[in-house]
Amino acid sequence: MDDIQLKRKQRRKRQRRRRMIFRLILVVIFLLILTLIYFKFIKSDDNNKVSKPVKNEVTWNTMLINKENTVPDSYKSVLVDVDFEDKKDDESYKKVDFRIYSSLKEMFEAAKEDGVNLRISSAYRSRFEQNKILAKKISAYEHDGFSHKKAEKEALKWVAKPGYSEHETGLAVDINRKGRTSSKVAYKWLSDNGYKYGFIKRYPNNKKDITGISNEPWHYRYVGSLISRICKQNDICLEELDDLLKEK
Ligand SMILES: [Zn+2]
């Protein structure tokens, strides 16, 4: 091999090495671009997914429970005793969800200051208890001579099906008169003032067609003071509010 041939060979070798280095650099740049794309788009998309509200997420205070909307299985109440009410020794305290306890107490104290004595006749009810109440009502109708089917139909006009009662959430209370206070005075006070403490009259007389429930001046549902003001000021029930929230 002469000198010229040797030089050519070395030159080709150098060129090949340069091409290889160039290819290597290209591969590294390509990998870098891929990594950047991953973090900028794919990863951030994951983050977006986390921050988006979960479908069917339940907002506890505006949760709608009625003949079409059952208490979600995922819903859990954390119950506390209504210990500001008197009870007999052999009785246990009524229970409500802890998130409504202080507002309920405040409302009872405010009523008392206005000379209105209130008591809670029903608060949280488990599905089992709801079932028992319904069965009792059905058998009462059967006792009056109704067939089982007819008795069930009549009972369901007054008692919610288990799973469809607001009482199962611990967010609803039935409030009645106590002592010298008359029912009329008690219901009027609640209707005029309940919203200040986050409670709404759930089944008003003028909303029977929408709620499907007759006037229940004793049944109050906690929705929080902002929502209760909106409902009171605009004269809308929870079904109407739910429609408004869906339109948003
Ligand atoms: Zn009730």
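Calculation criteria
Residues numbered from 1 in each chain as written. Predicted model: local features only at pLDDT ≥ 70, side-chain atom pairs only at ≥ 80, totals over all residues. Helix = DSSP H or I, 4+ residues; strand = E, 2+ residues; numbered from the N terminus. Buried ≥ 20, exposed ≤ 12 C-beta atoms within 10 Å, placed from the backbone. Core = buried A, V, L, I, M, F, W, Y, C linked by C-beta atoms within 7 Å. Contact = placed C-beta atoms within 7 Å. Expected span 1.5 Å × (residues − 1). Pairing = 2+ DSSP bridges. Axes fitted to C-alpha atoms, helices over the stretch in contact; angles between N-to-C directions.

**Description of the overall build of the chain**
Looking only at helices and strands, the chain features 8 helices and 6 strands. Helices (α) and strands (β) of the chain occur, in sequence order from the N terminus, as α-β-β-α-β-α-α-β-α-β-α-β-α-α. A principal-axis box enclosing the C-alpha atoms of the chain has dimensions of 125 × 50 × 40 Å. Expressed as a percentage of the 248 residues in the chain, the buried residues total 22%.

**Concerning the nonpolar core**
Formed by 30 residues in total, the largest nonpolar core has its most connected members in Val96, Val173, Ile175, Phe199, Ile200 and Tyr220. Contributing elements (two or more residues each) for this core: helix H2 (98–113), strand S3 (118–122), strand S4 (172–177), helix H5 (183–193), strand S5 (199–201) and strand S6 (219–222). At 5 residues, H2 tops the list of elements feeding residues into this core. Those residues in contact with Phe199, other than ones at most four positions away along the chain, are Met107, Gly194, Tyr220, Arg221, Tyr222 and Ser228.

**Focus on the environment of Glu154**
Mapped onto the elements, Glu154 comes out in helix H4 (residues 148–155). We classify Glu154 as partly exposed; it has 17 C-beta atoms within 10 Å. Sequence separation between Glu154 and Ile138 is 16 residues, and the spatial gap between their C-alpha atoms is 7.7 Å. With near-sequence residues (within four places) excluded, Glu154 lies in contact with Tyr141 and Phe146.

**Some details on helix H3 (residues 127–143)**
With 17 residues, H3 should reach 24 Å at 1.5 Å per residue; the first-to-last C-alpha distance of 24 Å fits that figure. Once H3 ends, the next one or two residues include Gly145, with phi positive near 105°.

**Looking at the sheet that holds S3**
Taken in spatial order, the 4 strands line up as S3-S4-S6-S5 in an open sheet, and their pairing is antiparallel. Sheet topology places S3 and S5 at the edges, where each strand pairs with a single neighbour. Across this sheet, the average inter-strand angle for adjacent strands is 40°, counted without regard to direction. Note that S5 and S6 share 3 bridges and pair antiparallel. Each bridged residue has a counterpart across the sheet, and for Phe199 the counterpart in S6 is Tyr222.

**So, the environment of Lys208**
In this structure, Lys208 sits in helix H6 (residues 208–211). Its 13 C-beta neighbours within 10 Å are what place Lys208 among the partly exposed residues. Along the backbone, Lys208 and Thr62 are 146 residues apart, and their C-alpha atoms lie at a distance of 19 Å.

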